[in-house]
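Each chain, written out:
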Amino acid sequence: KAGVTQTPRYLIKTRGQQVTLSCSPISGHRSVSWYQQTPGQGLQFLFEYFSETQRNKGNFPGRFSGRQFSNSRSEMNVSTLELGDSALYLCASSLGSVQETQYFGPGTRLLVL
Amino acid sequence: QKEVEQNSGPLSVPEGAIASLNCTYSDRVSQSFFWYRQYSGKSPELIMSIYSNGDKEDGRFTAQLNKASQYVSLLIRDSQPSDSATYLCARRGGGADGLTFGKGTHLIIQP
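Residues numbered from 1 in each chain as written. Chains lettered and ligands numbered in written order. Predicted model: local features only at pLDDT ≥ 70, side-chain atom pairs only at ≥ 80, totals over all residues. Heavy atoms only, no water.

Attention shifts here to the interface of chain B and chain A. Every contact between the two is made by 21 residues of chain B and, on the other side, 19 residues of chain A. Between chain B and chain A lies a buried interface of about 1600 Å² when both sides are counted; carbon and sulfur atoms form 49% of it. One can count one salt bridge joining chain B with chain A. Two residues, R92 of chain B and E48 of chain A, come together in a salt bridge whose shortest N-O distance is 2.6 Å. Across the contact surface, chain B and chain A share ten residue pairs in polar contact (both at pLDDT 80 or more). Listed by contribution, the elements that provide at least two residues to the side of chain B that touches chain A are β4 (32–38), β5 (45–50) and β9 (85–92) of chain B. In terms of residue count, the dominant contributor to the side of chain B that touches chain A is β4 of chain B (four residues). (Contact = heavy atoms within 4.5 Å. Buried area = accessible area lost by both parts, 1.4 Å probe. Salt bridge = Lys/Arg side-chain N within 4 Å of Asp/Glu carboxyl O. Polar contact = N/O pair within 3.5 Å; in protein donor to acceptor, adjacent residues only side chain to side chain. Helix = DSSP H or I, 4+ residues; strand = E, 2+ residues; numbered from the N terminus.)

Below, the structure written as structure tokens:
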């Protein structure tokens, strides 16, 4: 079974731009979560989607948003990029129950200049 | 604020020895706990999940959970150089949150 896939893998943007990242979960998985990983803050939870609805949200500003489609694929968007948004963005999928194990994709490395 | 604390290391262990990684968490609503391994430049990969008090073994790995002490650990037996990585501890509560991760412990297995 194919794992979680994320596109693009690398991205360079400038301050003020916006960016959209994509995540395709493992087949049969209905929950998708997004995380930001930086050297200083570590791995931080952004939001979680299940059946096209945001189920949980972390403590990030409204510039960070996401959505999930009927096929469980998910996108996250960051508007008005700041230098501090440079990070590895990780997507994780699970079957659906909140206690289920989450499996991570390879991540999208975003550099904001 | 739900927090997960780990010693950042580096923790240096000779090849063939037992590596012991520890993690504490701050809340009593945590219900599920996970250990992930992350190699430099890669994404986290699951090592073990544990939900009940006690030990859970999977090959060379044993996870231990003590909810009363709010403590979870990971033992790696017969440590190999390929075990050198950062080990991330994570917890999740009853549903109204995502995974909360510790900052990770950098483990070095010395040949």
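Residues and elements named next belong to chain A. Spatially, β1-β3-β8-β7 is the arrangement adopted by the four strands of the open sheet, whose pairing is antiparallel. The open sheet has two free edges, formed respectively by β1 (5–7) and β7 (64–68), since each of these has just one partner strand. The average angle at which neighbouring strand axes cross in this sheet is 20 degrees, direction not considered. In this structure, strand β3 (residues 19–24) lies alongside strand β8 (residues 74–78), joined through five bridges in antiparallel fashion. Bridge pairing in β8 links T20 to N77. (Pairing = 2+ DSSP bridges. Axes fitted to C-alpha atoms, helices over the stretch in contact; angles between N-to-C directions.)

Residue and element names in this part refer to chain A. Residue alternation in strand β11 (residues 108–112) divides its side chains into a buried set, T108, L110 and V112, and an unburied set, R109 and L111. Looking at chain direction, strand β2 (residues 10–13) and β11 are connected through four bridges and run parallel. Bridge pairing in β11 links K13 to V112. In this sheet, β11 lies alongside strand β9 (residues 87–94) in antiparallel orientation, the contact comprising three bridges. Each bridged residue has a counterpart across the sheet, and for Y89 the counterpart in β11 is T108. (Buried < 20%, exposed > 50% of the residue type's maximum accessible area, 1.4 Å probe, protein only.)

Next up on the list: the packing of aromatic side chains. In this description, an aromatic ring pair is defined by two values, namely the gap between the centres and the angle between the planes. Summed over the entire model, instances satisfying the criterion amount to eleven aromatic pairs over all chains. Relative to Y49 of chain A, the ring of F47 of chain A has its centre 5.7 Å away and its plane inclined at 70 degrees; by these criteria the two rings are edge-to-face. We note that F47 of chain A, like Y49 of chain A, is buried. Pairing F34 of chain B with Y36 of chain B gives two aromatic rings, centres 6.4 Å apart and planes at 40 degrees, and the pair type is tilted. (Phe/Tyr/Trp six-rings, centres within 6.5 Å; stacked < 30°, edge-to-face > 60°.)

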